[in-house]
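# What the coordinates show
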Amino acid sequence: MAIGLFVLLAFDVFLPVPSSLVNTIAGAKLGILAGSLVCFGGLTVGAALGFGLAKMAGPAIKKRWLEEGDAATLRQFADTWGVATLVITRPLPILAEAAVVLLGIQGLSWRKFWPPVLLANGGIAIAYAAFGQMAADQEWLVIALAISAGFPLLLTYFVRKWLQRRQQEEAA
């Protein structure tokens, strides 16, 4: 069970894995301590894989797909908001992976990557594992799984709407 959950989280950057659901299940089936460790490890390996591959492919991607002005804008964003973006987006579906890849392409250093990712992954792993174990103990795991799947999606929806509104305001 632990290996399967770890692998799912580690390949989340490549596959549509609902990591909040996996984290909750880990807590329910493995307990807080083991669940947190498995989730922390899987989330961290997944983030490192996505970031590392994006860093390696970054120059080619920028050369082929980005205009010079767009590349400069993204670089400025990465320099200004990169670390905060990693922390804020880690619990959000799709945005977490997108942030890791974007900042890898932009060449954020590993030294700047690790602290926020490790901190955020630790908090996420502990919170979901505790939630999963508590739900299993109280026999409301189905409800907890619905919450752990729905809440991050809802939060992602609101963040995307907020970002779209900001972009429209800046364009006007």
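From a predicted model like this one, the values you see are computed outputs, not experimental measurements.

Ranked by size, the top nonpolar core spans eleven residues in total: Leu-5, Leu-9, Val-17, Val-22, Ala-26, Val-38, Cys-39, Leu-43, Ile-124, Ala-125 and Tyr-128. For this core, the elements supplying multiple residues, two or more each, are helix H1 (2-10), helix H2 (19-65) and helix H5 (110-138). With five residues, H2 is the single largest residue contributor to this core. When residues no more than four places from it in sequence are discounted, the contact partners of Cys-39 are Leu-9, Asn-23, Ala-26 and Ala-125.

Okay, a nonpolar patch on the surface next. Nonpolar side chains collect at one region of the surface, where Ile-3, Phe-6, Val-7, Phe-11, Phe-14, Leu-15, Val-45, Leu-49, Leu-53 and Met-56 lie side by side and expose about 910 Å² of accessible area between them. Mapped onto the nonpolar patch, the elements with two or more residues apiece are H1 and H2. Looking at the nonpolar patch element by element, the count peaks at four residues for H2. When you line up the elements, Met-56 lands in helix H2. Here Met-56 falls in the exposed class, since its relative accessible area comes to 66%.

Two descriptors summarise a pair of aromatic rings, namely the distance from one centre to the other and the angle between the planes of the rings. What the rule picks out here adds up to eight aromatic pairs. Centre to centre, the rings of Phe-11 and Phe-14 are 6.1 Å apart; their planes meet at 40°, and the pair counts as tilted. Judged by relative accessible area, Phe-14 falls into the partly exposed class, the value being 45%. Aromatic side chains Tyr-157 and Phe-158 sit 5.4 Å apart centroid to centroid with 70° between the ring planes, which places their arrangement in the edge-to-face category. Its relative accessible area of 46% is what places Tyr-157 among the partly exposed residues. The exposure class assigned to Phe-158 is partly exposed, which follows from its relative accessible area of 49%. Counting every residue linked through ring pairs, the aromatic cluster contains Phe-51, Trp-110, Phe-113 and Trp-114.

The next subject is the packing of H1 against H2. For the pair H1 and H2, interaxial distance at closest approach is 7 Å and the crossing angle is 40°. In the crossing of H1 with H2, the sense of the turn from one axis to the other is right-handed. In terms of residue class, the contact of H1 with H2 is made up of 15 nonpolar, five polar and no charged.

Looking now at the environment of Ile-3. Within the fold, Ile-3 resides in helix H1. A C-alpha to C-alpha distance of 7.9 Å links Ile-3 and Val-38, two positions 35 residues apart in sequence.

Attention shifts here to the side chain of Ser-148. Along the chain, Ser-148 turns up in helix H6 (residues 141-171). Ser-148 has contacts with Ser-20, Leu-21, Thr-24, Tyr-128 and Phe-131, leaving out every residue within four places of it along the chain.

Moving on, we get to the environment of Leu-118. Checked against the element boundaries, Leu-118 lands in helix H5. A relative accessible area of 34% means that Leu-118 is categorised as partly exposed. Leu-118 sits 77 residues away from Gly-41 along the chain, and the two C-alpha atoms are 9.5 Å apart. Ignoring anything within four residues of it in the chain, the contact list for Leu-118 reads Phe-40 and Thr-44.

Thresholds, definitions, all that
Residues numbered from 1 in each chain as written. Predicted model: local features only at pLDDT ≥ 70, side-chain atom pairs only at ≥ 80, totals over all residues. Heavy atoms only, no water. Core = buried A, V, L, I, M, F, W, Y, C linked by side-chain atoms within 4.5 Å. Buried < 20%, exposed > 50% of the residue type's maximum accessible area, 1.4 Å probe, protein only. Helix = DSSP H or I, 4+ residues; strand = E, 2+ residues; numbered from the N terminus. Contact = heavy atoms within 4.5 Å. Patch = residues over 30% accessible without salt bridge, like charges linked within 9 Å, V, L, I, M, F, W, Y side chains within 5 Å. Areas by Shrake-Rupley, 256 points an atom, 1.4 Å probe, with all protein chains shown as cover. Salt bridge = Lys/Arg side-chain N within 4 Å of Asp/Glu carboxyl O. Phe/Tyr/Trp six-rings, centres within 6.5 Å; stacked < 30°, edge-to-face > 60°. Axes fitted to C-alpha atoms, helices over the stretch in contact; angles between N-to-C directions. Left-handed = near helix turned anticlockwise from the far one by under 90°. Nonpolar A, V, L, I, M, F, W, Y, C, P; charged D, E, K, R; others polar.

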